[in-house]
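Secondary and tertiary structure notes
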Amino acid sequence: MRKKVNIKIIIGLSSLCLLSLFALLAPLIRPYDPLAMNLSRLLEVPSLKHPFGLDENGMDLLSQVLYGARVSLWVAGQVVCISLLVGLMVGSISAWFGSVVDQILMRLVDMVSAFPRFLLALALLAMLGTSVFNLILALCLSGWAGFARLVRAEVLHLKKEEYVLSALSYGAGPVRAMVCYIWPNLLGLLLVQAAFSLVAVVIAEAGLSFLGLGVPPDIPSWGRLLSSGRQVLGEAPHLSLFPGLALFSLVLSFQLLGDGLRDFFDPTTQ
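Notes on the structure follow. (Residues numbered from 1 in each chain as written. Predicted model: local features only at pLDDT ≥ 70, side-chain atom pairs only at ≥ 80, totals over all residues. Heavy atoms only, no water.)

What to know about the overall build of the chain
Going by this rule: Helix and strand labels come from DSSP, where a helix needs a run of H or I of at least four residues and a strand needs a run of E of at least two; each type is numbered from the N terminus. Note on classification: 1.4 Å probe, protein chains only; a residue is buried when its accessible area is under 20% of the maximum for its type, exposed when over 50%, partly exposed between these limits. Contacts are assigned to residue pairs with any non-hydrogen atoms lying within 4.5 Å of each other. Using a 1.4 Å probe, the Shrake-Rupley method yields the accessible areas, and only the shown protein chains count as cover for residues. Charge assignment: positive for Lys and Arg, negative for Asp and Glu; neither His nor the chain ends contribute. Taken as the charge location is NZ of Lys, CZ of Arg, CG of Asp or CD of Glu.
Of the regular secondary structure elements, the chain holds 11 helices and 0 strands. Its helices and strands in sequence order give the chain the pattern α-α-α-α-α-α-α-α-α-α-α, from N to C terminus. Along the first, second and third principal axes, the C-alpha set of the chain runs to 75 × 45 × 30 Å. The buried share of the chain, taken over its 270 residues, is 44%. For the chain, restricting intrachain contacts to residue pairs at least 6 apart in sequence, the fraction spanning at least 24 positions comes to 74%. As displayed, the chain offers around 14,000 Å² of accessible surface, 69% of which is attributable to carbon and sulfur atoms. Distance between charge centres in the chain, computed from 18 positive and 16 negative side chains, equals 6 Å.

Concerning the nonpolar core
Test applied: Side-chain atoms within 4.5 Å are what join buried Ala, Val, Leu, Ile, Met, Phe, Trp, Tyr and Cys residues into a set we call a nonpolar core.
Core analysis: the biggest nonpolar cluster contains 60 residues, and Val75, Leu139, Ile182, Leu186, Trp222, Leu250 and Phe254 have the highest contact counts within it. Elements that contribute at least two residues to this core include exactly helix H1 (7–24), helix H3 (61–97), helix H5 (117–128), helix H6 (132–158), helix H8 (174–182), helix H9 (187–210), helix H10 (222–230) and helix H11 (238–265). Considering each element in turn, this core owes the most residues, 13 residues, to H3. Core analysis: the second largest hydrophobic core is formed by 8 residues, Val90, Leu105, Met106 and Val109 among them.

Focus on H5
Selection rule: To estimate the expected span of a helix, count its residues, drop one, and scale the result by 1.5 Å. The arc in question is formed by the directions pointing from the helix axis toward the C-beta atoms.
If you check H5, its first and last C-alpha atoms are 16 Å apart, about what 12 residues at 1.5 Å a residue would give, namely 16 Å. By the burial criterion, the buried members of H5 are Ala121, Leu124 and Leu125. Looking straight down H5, one finds that the buried residues subtend no more than 100 degrees of arc, so they occupy a single side. In H5, the exposed positions that point more than 90 degrees away from the buried face belong to Leu119, Ala126 and Met127. At its buried positions, H5 is contacted by H6 and H9. Downstream of H5 by a residue or two, Gly129 has a phi angle that is positive, lying close to 100 degrees.

Examining the pattern of salt bridges
Applied cut-off: The working definition used for a salt bridge is a side-chain nitrogen of Lys or Arg within 4 Å of a carboxyl oxygen of Asp or Glu.
Tallied over the full model, the rule gives 6 salt bridges. Among the ionic pairs, Asp263 bridges to Lys8, the shortest N-O distance being 3.9 Å. Of this pair, Asp263 sits in helix H11 while Lys8 sits in helix H1, placing them 255 residues apart in sequence. On the basis of relative accessible area, Asp263 is assigned to the partly exposed category, the value being 25%. A salt bridge links Asp110 to Arg149; the nearest nitrogen and oxygen atoms lie 2.9 Å apart. Of the two residues, Asp110 sits in helix H4 (residues 99–113) while Arg149 sits in helix H6, which places them 39 residues apart along the sequence. By relative accessible area, which is 29% here, Asp110 ends up partly exposed. By relative accessible area, Arg149 is classed as partly exposed at 39%. Through salt bridges with shared partners, one network takes in Arg107, Asp110 and Arg149.

Let's talk about the packing of aromatic side chains
Definition in use: Think of it this way: a Phe, Tyr or Trp ring, Trp meaning its six-membered ring, pairs with another when their centres are within 6.5 Å, and the plane angle makes it stacked under 30 degrees, edge-to-face over 60, tilted otherwise.
Scanning the entire structure with this criterion turns up 2 aromatic pairs. Taking the centre distance of 4.2 Å and the plane angle of 5 degrees together, the rings of Phe52 and Phe242 count as stacked. Here the residue Phe52 occupies a position in the loop between helix H2 (26–29) and H3, and Phe242 occupies one in helix H11, the gap between them amounting to 190 residues. Overall, the relative accessible area of 17% leaves Phe242 in the buried class. Centroid distance Phe264 to Phe265: 5.3 Å. Interplanar angle 80 degrees. Geometry classified as edge-to-face.

Now the structure itself:
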């Protein structure tokens, strides 16, 4: 049965590519240095020279929003990639060997899942301090459990399929059976899970930066811009408007992409 590419995939992927292009070219297309202060021009409204206006320190908001996209995409990509790889390995080992190994690994997954992701990252950053590395580490420590549980459930089913049993009977080892016959069938499921995980990570990074525990203050981030904007919301609403729209656009892109991929890989849809 042939499937058509879902319109959600086209819209989500197109907007995501556009945002990624802006983030990648930020050092070239930024109109001003994002950290250059001008204390004589505070909270200026948008104009031709400063399309997004100036913040409470006289820094160009457009330049900061562009660099904030780099932070959000970099952190989200790193966290999801690391969480996916760790979850893939833990879930595969747990399902394949079963017995005591499965019990130990699943209890570890249950222990990690028992803590809310945001609160666990918040506690870790409060102890470790603010840095991009610590932020990625804190979000990864709680992000891999969902992938591990999903992979385990699928591998338990797939390892009983005839083509896997046939490969094992012809001498294929566990590693070859997993890499060549089981993991390729997990691709669609993992892509959908990764897309929705990117949404959660982007929101978590913005929330932690909003509270002052995300990236350091000398690195522009959307969460920190929103935190600054709430203090002067009545006087300078543009300070919250543009970072909020950028965050909304990125989250919506990942959400549409995830919904589209879920529909695309659903065997009941045409």
